[in-house]
Protein chains: 2
Amino acid sequence: MKSNSKSVKIDGIDKKILRFLMADARKPVLEIARNIGISGAAIHQRLRKLEASGLLAGSKFIINPKVMGYTTMAYIGIYLDKAMSNPKAVKLLGEIPEVLECHYTTGNWSILIKVLCKDNEHLMHVLNKEIQQIEGVSRTETFISLAQQIDRQITI
Amino acid sequence: MKSNSKSVKIDGIDKKILRFLMADARKPVLEIARNIGISGAAIHQRLRKLEASGLLAGSKFIINPKVMGYTTMAYIGIYLDKAMSNPKAVKLLGEIPEVLECHYTTGNWSILIKVLCKDNEHLMHVLNKEIQQIEGVSRTETFISLAQQIDRQITI
DNA sequence: GATGAAAAAACCAGACT
DNA sequence: AGTCTGGTTTTTTCATC
């Protein structure tokens, strides 16, 4: 799976196929074929080509965290001491399962992370007993997401 | 598809099934069956149950934005005038395809969004010609993600 | 891209424990 | 309840045009 092939050519049919599969990864190829009006084999070949180009980065089942009791999402900006290297901090953050995203950002913070917790108490625990305990983390700023109102991939 | 059924019971087999499908939504049920050691029909039934419980929020093909030329990701904190309502702002932000996430957050900003652009010039355009043009947006703070080092769902 | 055939998987109904 | 065993339908996959 290559990942940096520049200028992958995508025509209108490819876009239609991808739009179907981005919405539902398990949609049968033949069903898409009937919708678009070409054969299933053609779609199959296009998918092989798109996969080889590195455009397709896999597929995922999406689970609803709320049903599992995870209702508190937050972004946390982290200030690191000069002595603390970014890769080491990322490694340690990666060991905290509540950390879903980690970005090395410009601006005030060294790192911006997204965490998902069951409730505010859980979030407090993750902040005080997990993140703040990491050596090199000097300060944090927390922004709780009261509602996630948009969540999507890029439009193709 | 219910979405708020509290206390959905998940046993070890359910977890194994979900872990397979969260990593690859198109993995054949029979293949999972062989891995776990139960019949395909049993897995099929469990998936129906999990779907009915609202835990399964669908599946998605993941495309690699880099291959499409989108290499600049950023978080933007937005300050809204008192006169601007959150829902209206969200509606207008939703019309900007580069906006992938939108959170209503506690803290300094009214809204925190994630945007994905082709390059810095594109990001500048989205900031100045799209977001800043929205009536009620008084100020923004931008944090460019130099590298996304973790990206995952909650662990089950 | 399309077609047709073989292999695999999904799906369903009834029996089992 | 939850799971299994067949049997049918559908989909995937491959070779060929």
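Here, every reference points to the structure presented above.
Our subject in this report is the structure included herewith. Computed from a predicted structure; not experimentally measured. (Residues numbered from 1 in each chain as written. Chains lettered and ligands numbered in written order. Predicted model: local features only at pLDDT ≥ 70, side-chain atom pairs only at ≥ 80, totals over all residues. Heavy atoms only, no water.)

Here we take up the overall build of chain A. Across its full length, chain A carries 5 helices and 5 strands. In chain A, the succession of helices and strands from N to C terminus is α-α-α-β-β-α-β-β-α-β. Computed over C-alpha atoms, the radius of gyration of chain A comes to 21 Å, more than 25% over the 15 Å expected from 2.2 N^0.38 for 156 residues, which places it beyond the range of a compact globule. In terms of overall dimensions, chain A has C-alpha extents of about 60 × 35 × 25 Å along its principal axes. Within chain A, residue pairs in contact and separated by at least 24 positions form 65% of the contacts whose partners lie at least 6 positions apart. Total accessible area computed for chain A in this model is approximately 8300 Å², and 51% of it derives from carbon and sulfur atoms. Averaging the locations of the 22 positively and 15 negatively charged side chains of chain A gives two centres separated by 11 Å. (Helix = DSSP H or I, 4+ residues; strand = E, 2+ residues; numbered from the N terminus. Rg over C-alpha atoms; globule rule 2.2 N^0.38 Å. Contact = heavy atoms within 4.5 Å. Areas by Shrake-Rupley, 256 points an atom, 1.4 Å probe, with all protein chains shown as cover. Lys, Arg positive; Asp, Glu negative; His and termini not counted. Charge placed at Lys NZ, Arg CZ, Asp CG, Glu CD.)

Turning our attention to the protein's contact with DNA strand D. Surrounding DNA strand D, one finds 15 residues, the nearest of these being A:His44, B:Ser39, B:Gln45, B:Arg46 and B:Lys49. Close to the protein, within 4 Å, the atoms of DNA strand D are drawn from sugar and phosphate at a rate of 71%. Here A:Val29 contributes a backbone N or O atom positioned 2.9 Å from a phosphate oxygen of DNA strand D. At 2.3 Å, a side-chain N or O of B:Arg46 approaches a phosphate oxygen of DNA strand D. Those elements that provide at least two residues to the surface near DNA strand D are helix 2 (29-36) and helix 3 (40-52) of chain A together with helix 3 (40-53) of chain B. Looking at the surface near DNA strand D residue by residue, the classes come out as 8 nonpolar, 3 polar and 4 charged. (Near = heavy atom within 4 Å. Polar contact = N/O pair within 3.5 Å; in protein donor to acceptor, adjacent residues only side chain to side chain. Nonpolar A, V, L, I, M, F, W, Y, C, P; charged D, E, K, R; others polar.)

Locating A:Glu98 in the fold gives a position in the loop between helix 4 (86-94) and strand 3 (99-105). Buried A:Glu98, no salt bridge; nearest opposite-charge side chain is B:Arg152, N-O distance 7.2 Å. If we ignore the near neighbours within four places in the chain, the residues touching A:Glu98 are A:Lys114, A:Val115, A:Leu116, A:Cys117, A:His122 and A:Val126. (Buried < 20%, exposed > 50% of the residue type's maximum accessible area, 1.4 Å probe, protein only. Salt bridge = Lys/Arg side-chain N within 4 Å of Asp/Glu carboxyl O.)

Bringing the pattern of salt bridges into the picture now. Residue and element names in this part refer to chain B. In the structure shown here, the tally under the stated rule is 14 salt bridges over all chains. Linking Lys 114 and Glu 101 is a salt bridge whose minimum nitrogen-to-oxygen distance equals 3.0 Å. Of this pair, Lys 114 sits in strand 4 (residues 111-117) while Glu 101 sits in strand 3 (residues 99-105), and the two are 13 residues apart along the sequence. Of the two residues, Lys 114 and Glu 101, neither departs from the other in class, the shared state being buried.

Taken together, 14 residues surround DNA strand C, and among them A:Ser39, A:Arg46, B:Val29, B:Leu30 and B:His44 come closest. Of all DNA strand C atoms lying within 4 Å of any protein atom, the proportion belonging to sugar or phosphate reaches 76%. Within the contact set of DNA strand C, a phosphate oxygen lies 2.4 Å away from a side-chain nitrogen or oxygen of A:Arg46. Elements supplying a minimum of two residues to the surface near DNA strand C: helix 3 of chain A together with helix 2 (29-36) and helix 3 of chain B. Looking at the surface near DNA strand C, the element that brings in the most residues is helix 3 of chain A, giving 4 residues. Split by residue class, the surface near DNA strand C holds 8 nonpolar, 3 polar and 3 charged.

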